[in-house]
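This is what each chain is made of:
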Amino acid sequence: MAAEIHSRPQTARPVLLNKIEGHSDAVNAAVLIPKEDGVITVSEDRTIRVWLKRDSGQYWPSIYHTVSSPCSCMSYHHDSRRIFIGQDNGAIVEFLISEDFNKMNHVKTYPGEIMRTLLKLERQTYSTITTLKGHEGSVGALWWDPVQRLLFSGASDHSVIMWDIGGRKGRTLLLQGHHERVQALRYLQLTRQLVSCSADGGIAVWNMDTQREEAPQWLDSDSCQKCEQPFFWNIKQMWDTKTLGLRQHHCRKCGKAVCGKCSSKRSTFPIMGFEFPVRVCDACFETIKEEDRTPLATFHEGKHNIAHMDMDPSRGLMVTCGSDRIVKIWDMTQVVGCSLATGFSPR
């Protein structure tokens with residue numbers, strides 16, 4: 001099955017194929033059914049729904065099942081057609097979906113107290129390998145690439161971090177471009193692209209098939225590392241020099257602690273993951289060439305809250321859902337530049 005890699009024009013953007021409405025509360029998860037014109041959704045309204053595309057081009061629920069508690073998350077295994085639903089009451093419910101996706105049979109309910117006991121027993125056998133520190137907010141999304149052994153994390157600090165676990169050198173890459181908390185991630189191995197979605201509907205596609213640099217650690221200092229003027233907590237130097245203390249800032253390119261006068265410039269620097277203008281010291285600003293500002297990511301508007309996202313790279317499809325109760329299906333082939341001939345029915 002040969003892959004087709006297409007060029008990605010700057011004007012390329014996700015194409016909205018369908019919009020599914022019907023849930024009466026937030027949709028917490030949505031997954032595309034492989035090799036089918038179908039989507040599975042779970043919601044705060046306590047329903048599990050399987051939507052199939054009809055001849056009219058619209059999606060209608062072939063399965064509509066209500067459970068006892070709001071649905072918080074979902075895991076679907078297509079080969080076995082088993083689906084596991086996490087609920088707000090702590091329970092996990094297992095179902096088996098029929099081959100024609102028109103019926104769903106209950107298999108087992110795992111009560112919350114049993115799950116807690118199982119986790120407690122497991123603690124006797126696990127060992128901590130390492131603790132990764134980098135985000136300044138709660139982590140809301142993770143994606144693991146087993147081939148390159150890369151871990152991607154998105155957080156409420158609006159950033160994405162790539163952790164190079166396989167490299168064993170502690171290398172991390174910071175990606176900043178979102179304006180709200182990052183809630184969904186997907187790494188596309190074939191095209192070396194990362195797709196991230198945020199709560200405000202932002203959809204970012206990051207080019208990871210390029211040389212990137214680690215953002216520097218911020219340095220500590222009691223005075224500006226450029227002009228040597230004291231910062232406002234440096235009482236001794238303020239007294240000795242009879243000057244007022246200044247506010248501390250940091251240059252995003254070199255990491256030095258600088259005052260506002262020595263860091264009056266702003267610039268993008270995509271090679272370090274800064275896709276929007278950030279503070280840099282005046283000296284570093286002079287070293288940034290115009291070609292260094294060439295974007296390494298594209299940004300698009302989903303125009304709805306995105307709490308969860310799923311992709312089928314073989315068909316170039318993406319589904320998004322969120323608190324606005326709407327599910328959207330997108331054609332991403334123009335954006336990610338990859339499609340695979342699979343015999344999927346034309347859209």
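Keep in mind the model is a prediction, meaning the values are calculated, not measured.

The rules behind these values
Residues numbered from 1 in each chain as written. Predicted model: local features only at pLDDT ≥ 70, side-chain atom pairs only at ≥ 80, totals over all residues. Heavy atoms only, no water. Pairing = 2+ DSSP bridges. Helix = DSSP H or I, 4+ residues; strand = E, 2+ residues; numbered from the N terminus. Axes fitted to C-alpha atoms, helices over the stretch in contact; angles between N-to-C directions. Salt bridge = Lys/Arg side-chain N within 4 Å of Asp/Glu carboxyl O. Buried < 20%, exposed > 50% of the residue type's maximum accessible area, 1.4 Å probe, protein only. pLDDT = per-residue confidence, 0-100. Contact = heavy atoms within 4.5 Å.

## With respect to the sheet that holds strand E16 (residues 193–198)
Pairing between the strands of a sheet comes from backbone hydrogen bonds, and it takes one of two forms, parallel or antiparallel.
At step 1: Within the open sheet, the four strands sit side by side as E15-E16-E17-E22. Their pairing is antiparallel. The open sheet is flanked by strand E15 (182–188) and strand E22 (297–301), the only strands paired with a single partner. Across this sheet, the average inter-strand angle for adjacent strands is 15 degrees, counted without regard to direction.
At step 2: As defined by bridge partners, E16 adjoins strand E17 (residues 202–207) across five bridges and the pair is classed as antiparallel. Counted as the bridge partner of Leu-194 is Trp-206 from E17.

## A closer look at the pattern of salt bridges
At step 1: Following the criterion strictly, the structure yields seven salt bridges and no others.
At step 2: Among the salt bridges present, the one from Arg-186 reaches Asp-310, with a minimum N-O distance of 3.8 Å. Pair noted here: Arg-186 is in strand E15 and Asp-310 is in strand E23 (residues 308–312), with a separation of 124 residues, a long-range link. Just as Arg-186 is buried, Asp-310 falls in that class too.
At step 3: Its salt-bridge partner being Glu-290, residue Arg-293 comes within 3.4 Å of it at the nearest N-O pair.
At step 4: Residue class for Glu-290 comes out exposed when judged on its relative accessible area of 58%.

## Structural notes on the confidence of the model for the protein chain
At step 1: Mean pLDDT over the protein chain: 87, with 87% of residues reaching 70 or higher.
At step 2: The low-confidence segment residues 1–9, where pLDDT is below 50, has 23 contacts with residues more than four positions distant or belonging to other chains.
At step 3: Note on residues 339–347: pLDDT under 50 across the span, and 25 contacts to partners over four residues away in sequence or across chains.

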